[in-house]
Amino acid sequence: MELTLREELFPNWIVYVLLMTIVLLSVLKSQKELVFSNIKTTFVKPPSSLPEAKESLSFNSIINFLMLLNYFVVGGIAIYMLLVYYEKSDYWMVVLPAAIYLFQMLSLLLVIGLSGEFKKVRENILLLNFSTHILGIILIPILLIWLLNPHLSEYMVITLFSAFLLIYFIRLLRGMFLAIRNKVLWYYIILYLCGLEIWPIVVGYMLLRLDFIG
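Analysis parameters
- Residues numbered from 1 in each chain as written.
- Predicted model: local features only at pLDDT ≥ 70, side-chain atom pairs only at ≥ 80, totals over all residues.
- Heavy atoms only, no water.
- Core = buried A, V, L, I, M, F, W, Y, C linked by side-chain atoms within 4.5 Å.
- Buried < 20%, exposed > 50% of the residue type's maximum accessible area, 1.4 Å probe, protein only.
- Helix = DSSP H or I, 4+ residues; strand = E, 2+ residues; numbered from the N terminus.
- Contact = heavy atoms within 4.5 Å.
- Expected span 1.5 Å × (residues − 1).
- Phe/Tyr/Trp six-rings, centres within 6.5 Å; stacked < 30°, edge-to-face > 60°.
- Polar contact = N/O pair within 3.5 Å; in protein donor to acceptor, adjacent residues only side chain to side chain.

Caption draft 1: Seen up close, the nonpolar core. Counting residues in each nonpolar core, the largest one holds 37 residues, and the members touching the most others are F10, I14, L18, M81, L143, W146 and L160. Counting only elements with at least two residues in this core, the list comes to helix 1 (13–31), helix 5 (62–85), helix 7 (118–148) and helix 8 (153–181). When residues of this core are assigned to their parent elements, the largest contribution, 12 residues, is made by helix 5. Beyond its immediate sequence surroundings of up to four residues, L18 is in contact with V74, I77, L143, L144 and L147.

Caption draft 2: Main features of helix 5. In a regular helix each residue adds 1.5 Å, so 24 residues correspond to 34 Å; helix 5 covers 34 Å between its end C-alpha atoms and thus fits that length. Burial analysis of helix 5 places 17 of its 24 residues in the buried class, the great majority of the element. At the exit of helix 5 stands E87, carrying a positive phi of roughly 55°.

Caption draft 3: Spatial organisation of the packing of aromatic side chains. In the structure shown here, the tally under the stated rule is 9 aromatic pairs. Both rings, one in F10 and one in W146, keep their centres 5.0 Å apart while their planes meet at 80°; by these two values the pair is edge-to-face. A residue pair is termed long-range when its members are at least 10 positions apart, and F10 in the segment before helix 1 and W146 in helix 7 qualify at 136 residues. Pair check on accessibility: F10 and W146 agree, each one buried. Residues F164 and Y168 carry aromatic rings whose centres are separated by 6.2 Å and whose planes lie at 15° to one another, so their mutual orientation is stacked. Highlighted residues: F164 and Y168, both in helix 8, separated by 4 residues, approximately one helical turn. On the accessibility criterion, F164 (28% relative accessible area) is partly exposed.

Caption draft 4: Quick peek at the environment of S153. In this fold, S153 is placed in helix 8. Look at S153 and you get buried, because its relative accessible area is 3%. Apart from the residues lying within four places of it in its own chain, the contact partners of S153 are L9, Y85 and W146. For S153, the side chain forms a polar contact with the side chain of W146, separated by 2.8 Å.

This is the structure:
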């Protein structure tokens with residue numbers, strides 16, 4: 001039998017950064033275990049109905065800030081690994097996860113400012129934070145598996161995009177149901193979907209298509 005060197009596609013520092021994110025999540029779990037235990041419940045119940053989830057998803061919560069930081073770091077690493085795999089040098093794209101989140105959050109805050117309907121829109125803000133937290137957690141094992149198995153790169157790319165689309169559509173559907181539950185008029189829902197959800201996804205798809213496929 002002959003030993004063969006394992007192919008190293010990505011730099012070693014990614015492993016250490018991902019381990020740091022795991023440590024961060026472990027510390028948060030030890031301090032606020034109920035926040036993580038309520039994750040499954042938040043998938044089916046309005047976020048504001050769960051006291052612990054409400055605390056962790058609030059805009060000015062330290063837990064929300066740390067979970068968002070985890071997502072920005074892990075999401076940026078995911079984009080970086082895609083760039084390395086496709087041999088692209090558009091490293092500015094690592095800020096896309098943070099930029100997309102900030103765009104959606106600022107858009108929701110703008111809607112609150114223009115409409116004055118804080119209570120009706122607040123549920124969607126909590127839902128945005130929740131889906132972002134979940135995606136930040138899900139990406140970690142996917143990226144670790146990719147690091148350890150670069151020969152599975154083709155499948156891991158599909159897995160990354162599938163995870164993003166799954167969480168996105170769950171948030172989209174839940175957001176619509178919450179809007180209907182809060183008696184938001186249907187034409188406001190259509191404007192929201194077209195202006196703040198579908199359009200950014202189309203723009204993001206075009207950017208990825210030009211940079212990774214073209």
